[in-house]
Amino acid sequence: MDVTLFSRKQQGWGARRFVRVDPLHAGNLWRDWSFARAARKAWRREHFDVVQSHERIPGCDVYRAGDGVHRRWLALRRAAAGPVERAGIALNPYHSYVCRAEKQMLEHPRLRAVICNSKMVRDEVQRGFRIAPEKLHVIYNGVDLEHFHPRHREKLRGAARAEIGCSPRDTVFAFVGSGFSRKGLDAALAAASRGPYWLAIVGKDRVRETTNPRIKFLGGREDVRPYYAAADCFLLPTRYDPFPNTVLEAMAMGLPAIVSSRCGAAEVIEPGVNGWICQPDDVQGIARLMQEADQAVGNPRMGDAARATAERFGIDAMARQLVDLYASLKNLG
């Protein structure tokens, strides 16, 4: 299979053939619109069996809905926002552009398949757009099961916990993800403050001020494995997330996970077996589940169950599903 990559930057992707698409832009609306226009023009010059887009570009054959449904995220934001934020959402032309492009792409006659990384996303697409259900394919994210492996925990745990500043007996929760508001950090901070827990936060965004010495903002990190190793449980009470890779990474490292019901990864959680499911912004409920997780520390069964779950979602398994999908599209002509 020969792959041609259309992107602004070549670094880090490893495609055999690269076509640079980097039109002049200023601001996120012009950035997305100009790239979509230039990428579509570039791929039409050649004849590909399948054109797959990871951006909302009408006219592609396959779309991978890795960001979920923008319309759904906006609806959730508006429901929880105050009058000023709701007005800002309504007046922001970028949101109007994304919603329009999303609808045009998902209802475009050329679109042959949508790769949804959770059933949640599949159902949102089916409810929100005029699209044949047979075009929707659930293919979960894949995780590198060797890179994220429980064997790394013993090697990395001591130094990482020393960096955090906790003692060997302290219970540490890991929060990994950028875009703190969407990921539900405020609820995580409030819940963690209700107990004697440590919260290690890895990600890029504006840092919240806190006087709690057990709350540690660690910034963005190239390698997050030390902080999975330092933790006893993963925590991500996200307000909306199609399926964050971090959940599978943490589980592959042997961590049970607390995730929200608005996270696609909740579909792989068995409450009380490999993790727990919370409601977003439910501080009391999250604190209760953190207490359950604290009581389970030292019991290897949950960590083993988390790892066993992650082993169903290796990168090779995801690749096989994608190859099968491409083959079926090619056979259909």
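Residues numbered from 1 in each chain as written. Predicted model: local features only at pLDDT ≥ 70, side-chain atom pairs only at ≥ 80, totals over all residues. Heavy atoms only, no water.

1. A closer look at the pattern of salt bridges
Enumeration over the complete set of coordinates arrives at 20 salt bridges. With a closest N to O distance of 3.7 Å, Arg 72 and Glu 124 form a salt bridge. Placement of Arg 72 in helix α2 (residues 70-80) and of Glu 124 in helix α5 (residues 119-128) is noted, with a sequence separation of 52 residues between them. With its nearest N and O atoms 3.1 Å apart, the salt bridge here joins Glu 146 to Arg 151. Residue Glu 146 is classed as partly exposed on the basis of its relative accessible area, which comes to 48%. Owing to a relative accessible area of 49%, Arg 151 belongs among the partly exposed residues under this scheme. (Salt bridge = Lys/Arg side-chain N within 4 Å of Asp/Glu carboxyl O. Helix = DSSP H or I, 4+ residues; strand = E, 2+ residues; numbered from the N terminus. Buried < 20%, exposed > 50% of the residue type's maximum accessible area, 1.4 Å probe, protein only.)

2. A few points about the environment of Asn 299
Position of Asn 299 relative to the elements: it lies in the loop between α11 (283-296) and α12 (300-310). The class of Asn 299 is partly exposed, set by a relative accessible area of 31%. Residues Asn 299 and Val 19 lie 280 residues apart in sequence; the distance between their C-alpha atoms is 51 Å. At 3.0 Å, the side chain of Asn 299 and the backbone nitrogen of Arg 301 are in polar contact. (Polar contact = N/O pair within 3.5 Å; in protein donor to acceptor, adjacent residues only side chain to side chain.)

3. Notes on the side chain of Asp 241
With respect to the helices and strands, the residue Asp 241 is situated in the loop between β10 (233-236) and α10 (245-252). Ignoring sequence-local partners within four residues, the contact set of Asp 241 consists of Met 120, Lys 183, Leu 236, Arg 262, Cys 263 and Gly 264. (Contact = heavy atoms within 4.5 Å.)

4. Here's the deal with the nonpolar core
In terms of nonpolar packing, the biggest core is built from 66 residues, with Phe 173, Leu 199, Tyr 228, Phe 234, Ile 258 and Met 290 touching the most fellow members. At 7 residues, α11 tops the list of elements feeding residues into this core. In this structure, Ile 258 is in contact with Phe 173, Cys 233, Phe 234, Leu 235, Leu 236, Trp 276, Cys 278, Leu 289, Met 290 and Ala 293, ignoring residues within four places of it in sequence. Ala 39, Cys 60, Ala 65 and Tyr 240 belong to the second largest nonpolar core, which has 32 residues in total. (Core = buried A, V, L, I, M, F, W, Y, C linked by side-chain atoms within 4.5 Å.)

5. Remarks on the state of the cysteines
Per the stated rule, a full pass over the model turns up 0 disulfides. We note that Cys 99 lacks a disulfide partner, and the nearest cysteine sulfur, in Cys 60, lies 17 Å from it. (Disulfide = S-S within 2.5 Å.)

6. Some words on the sheet that holds strand β5 (residues 113-116)
Strand order across the open sheet formed by 4 strands is β3-β4-β5-β6, with parallel pairing between neighbours. The strands lining the two open edges of the sheet, one partner per strand, are β3 (52-53) and β6 (136-138). For strand β4 (residues 62-64) and β5, the ladder comprises 3 bridges, and the chain directions are parallel. Bridge pairing in β5 places Val 62 opposite Ala 113. (Pairing = 2+ DSSP bridges.)

7. Topic: the packing of α10 against α12
The contact between α10 and α12 brings their axes to 7 Å, and the two run at 125°. Between α10 and α12, the interaxial angle falls into the category oblique. As α10 runs across α12, the sense of the crossing is left-handed. Contacts from Leu 248, Met 251 and Ala 252 of α10 reach α12 at Ala 306, Arg 307, Thr 309 and Ala 310. Classifying every residue of the contact of α10 with α12 by side-chain character gives 5 nonpolar, 1 polar and 1 charged. (Axes fitted to C-alpha atoms, helices over the stretch in contact; angles between N-to-C directions. Parallel < 35°, antiparallel > 145°, perpendicular 65-115°, else oblique. Left-handed = near helix turned anticlockwise from the far one by under 90°. Nonpolar A, V, L, I, M, F, W, Y, C, P; charged D, E, K, R; others polar.)

8. Some points on unusual backbone geometry
The phi angle at Asp 281 is positive, at roughly 70°, despite the residue not being glycine. Since its relative accessible area comes to 36%, Asp 281 is described here as partly exposed.

9. Overview of the packing of aromatic side chains
One pass over the full model with this rule turns up 9 aromatic pairs. Taken together, a centroid distance of 5.6 Å and an interplanar angle of 65° make the contact between Tyr 140 and Phe 243 edge-to-face. Note that Tyr 140 is positioned in the loop between β6 and α6 (151-164) and Phe 243 in the loop between β10 and α10, a separation of 103 residues in sequence. Among the residues examined, Phe 243 registers a relative accessible area of 4% and is labelled buried. On the numbers, 6.2 Å between centres and 65° between planes, the contact of Phe 148 with Tyr 228 is edge-to-face. Here the residue Phe 148 occupies a position in the loop between β6 and α6, and Tyr 228 occupies one in helix α9 (residues 225-230), the gap between them amounting to 80 residues. No difference in accessibility class separates Phe 148 from Tyr 228, as the two residues are buried. Three or more aromatic residues link up through ring pairs in this structure, and these residues are Tyr 140, Phe 243 and Phe 313. Arg 182 extends its terminal NZ or CZ atom over the ring of Trp 73, reaching a point 4.8 Å from the ring centre. (Phe/Tyr/Trp six-rings, centres within 6.5 Å; stacked < 30°, edge-to-face > 60°. Lys NZ or Arg CZ within 6 Å of the ring centre and 35° of its normal.)

10. So, helix α1 (residues 28-44)
Its 17 residues place the ends of α1 24 Å apart at the C-alpha level, agreeing with the 24 Å of an ideal helix rising 1.5 Å per residue. For α1, the full list of buried residues reads Asp 32, Ser 34, Phe 35, Ala 36, Ala 39, Arg 40, Ala 42 and Trp 43. Contacts made by the buried residues of α1 are with β1 (4-7) and α4 (93-106). (Expected span 1.5 Å × (residues − 1).)

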